Amino acid sequence: ALSTSPQPDRPSPPQGTEERSAIDDTTSTALATDTNMRPFNLLVPFLIASDPQRPPKGGSMSENVQQFGRVSDDEFRLTPEQIETFHRDGCVTIPDVLSEDEVQELEQVFDRFLSGEITVPGKDFCDMSKPFGIPPEEWSIINCMLPTTYYPPFRDNIYERLSNNIARQLYPELNMTKDYDQLLNKRPNKDDAVFAWHQDMGYWPGPRALNQSATSTCTFSLAIDDSTPQNGCLRYIPGSGKAKTLRSHDALSGSRDEGHALTLQVGSDENVQLAPASRGSLTIHDEYVVHGSGGNNHPTMQRRTYVLAYRPSAVVQAERKIGFTHSRNDNVNWDSFRDGESHRFKTNQK
C-alpha cells in the first residue's frame, strides 16, 4: 500500500565511453536547493540535493529540473504514479511530507485538544468507536471535530498549506477547498479502538441531497505517530469506490442518537490492503473507497492522526446550505439526508 517517488532512469553511457559517477544512487530522490547541489552523474544534465527535508524557504529549483516531493514551504509535488494510484485504488500513501520539526509544532497544539486545555463543545469531542455518554476515561478513540473552528490560531498551518497544494494536483480541474478537519487518537492497548468498515459518503449527503453531480473528495490523514498494523493503521479495499456507488450501511450503535459510527459488510474474498505510514507521512483516500482500521494492540504507543478533507467549493457550499458542517452537533446529519439511501432513518420514517 506504500507509494514512493520513482527513481530517475540512469541512461546507458555512449558507446565506447565508460560511465563515471562520484555520487551514490541513494541520493537520486533528493531535492535541490540553491546552496546544496551536486551532479547526479557526469552524463545527466540536471542537479539534485542531498537533503529533501529542508527545501528552500518559499523557493524552488531551476525550471530545467524535474522535481518531485517537497519543493518549498507551500508545495509538495506528487509523482504521476502517485496521482494514478489515488484515482485507480482510491487510496495512496505519500511518505515524508513534513519534517520532524514541523510535526512537533503541530503535535503541541494537537495534545492541547486531547488534554482538554482547548475546549471542544458537545458531541464534537467524543469516542468515535462507542455510543455517546461513555465516560472519557473509558474512551478508546478520542475524536475531536473541527479543531480550527474552535481554535482559529491553528488555521493555515504548514499541513493545511501543503495538503491544499496536493489536493489541487489530484483534481486540477476543480476548485478544491477545505471542507473539514478532525483530530483522532487511538489510545494504547485498546483492541476495541476500531474504525468499522465504511465509505465516507455514508456519513455525508449524496448528490441528490446536494444537487451536485460530482462529490470529488481527497481526505488526508497525517501520521503524528508512526501508524502501523499493531496500533491500527488504515486498511482499505483497492478500487472498491471506482463505481462511485454507496454500499448499504448500518448504524453501529442502533441509531445516530446513540452513536455516530456506521458500518458495512466486507466479503471474505475482497482484497484488503494495509496502509502504514511513518510519522510525518500521510495517506489520501477518496469519498467512496471502502476503508476502516483495526484496534490498537500496542501496549504503550498511541496512534494520533490529523485529518483534513478537501472538496470542490460548490460541494462545500451546498453542504452548508442544507445545514451540514461535519459537526457532530449538527441537527442535519447522516440519518436525515434526503438522498434515498437506506440508512437515512429519520427521513425514511417520514
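Attention here is on the structure that accompanies the text. (Residues numbered from 1 in each chain as written. Predicted model: local features only at pLDDT ≥ 70, side-chain atom pairs only at ≥ 80, totals over all residues. Heavy atoms only, no water.)

1. Some remarks on helix α1 (residues 80-89)
Then comes step 1: Listed as buried for α1 are Gln-82, Thr-85, Phe-86 and Asp-89. Angularly, the buried residues of α1 cover 100° about the axis, an arc narrow enough to put them on a single face.
Then comes step 2: Packed against the buried residues of α1 are β5 (91-94), α4 (158-170), β10 (218-223), β11 (234-236) and β15 (282-285). (Buried < 20%, exposed > 50% of the residue type's maximum accessible area, 1.4 Å probe, protein only. Helix = DSSP H or I, 4+ residues; strand = E, 2+ residues; numbered from the N terminus. Arc of directions from axis to C-beta. Contact = heavy atoms within 4.5 Å.)

2. Let's talk about the sheet that holds strand β7 (residues 141-145)
Then comes step 1: The strand order across the open sheet built from seven strands is β5-β15-β10-β17-β8-β7-β6, with neighbouring strands paired in antiparallel fashion. Only two strands of the sheet have a single neighbouring strand rather than two, namely β5 and β6 (125-127). Recorded for the sheet is a direction-independent mean angle of 20° between the axes of neighbouring strands.
Then comes step 2: Set on the sheet, α1 makes contact with β5, β10 and β15; between it and β5 the angle comes to about 150°.
Then comes step 3: In the packing of helix α6 (residues 313-321) onto the sheet, contacts are made with β8 (176-186) and β17 (303-312), and the angle to β17 comes to roughly 100°. (Pairing = 2+ DSSP bridges. Axes fitted to C-alpha atoms, helices over the stretch in contact; angles between N-to-C directions.)

3. Topic: empty space enclosed by the protein
Then comes step 1: In total, this model carries two cavities of 30 Å³ or more according to the counting rule given.
Then comes step 2: Approximately 490 Å³ is the volume found for the largest cavity.
Then comes step 3: When contributions to the lining of the largest cavity are tallied by element, the ones reaching two or more residues are β7, β8, β9 (195-198), β10, β15, β16 (291-293) and β17.
Then comes step 4: With four residues, the top contributor of residues to the lining of the largest cavity is β8.
Then comes step 5: Here the residues of the lining of the largest cavity are counted per class, giving 14 nonpolar, 15 polar and four charged.
Then comes step 6: Met-128, Ser-129, Val-194, Phe-195, Ala-196, His-198, Tyr-203, Ala-261 and Leu-262 together form the lining of the second largest cavity.
Then comes step 7: By residue number, the principal contributor to the lining of the second largest cavity is β9, which donates three residues.
Then comes step 8: Split into classes, the residues belonging to the lining of the second largest cavity amount to seven nonpolar, two polar and no charged. (1 Å grid on protein atoms, 1.4 Å probe; cavity = no way out; pocket = protein on both sides within 12 Å on 5 of 7 lines; lining within 4 Å. Points joined across faces, edges and corners; volume = space filled by probe spheres on them. Nonpolar A, V, L, I, M, F, W, Y, C, P; charged D, E, K, R; others polar.)

4. Quick word on the pairing of β8
Sheet faces and side chains relate simply in a regular strand, where the side chains alternate between the two faces.
Then comes step 1: Most of β8 sits out of view: nine of its eleven residues are buried.
Then comes step 2: Inspection of the sheet shows β7 paired to β8 by five bridges, in the antiparallel sense. For Met-145, the partnering residue across the bridge sits in β8 and is Gln-182.
Then comes step 3: Note that β8 and β17 share ten bridges and pair antiparallel.

5. Brief notes about the environment of Gly-202
Then comes step 1: As for its position among the elements, Gly-202 is in the loop between β9 and α5 (207-210).
Then comes step 2: Overall, Gly-202 belongs to the buried group, its relative accessible area being 0%.
Then comes step 3: Here the alpha-carbon distance between Gly-202 and Asp-250, two residues 48 residues apart in the chain, equals 9.3 Å.

6. Remarks on the state of the cysteines
Then comes step 1: Evaluated as defined, the whole model comprises zero disulfides.
Then comes step 2: Cys-126 provides the cysteine sulfur closest to Cys-144, a residue in no disulfide bond, and the two sulfurs are 9.3 Å apart. (Disulfide = S-S within 2.5 Å.)

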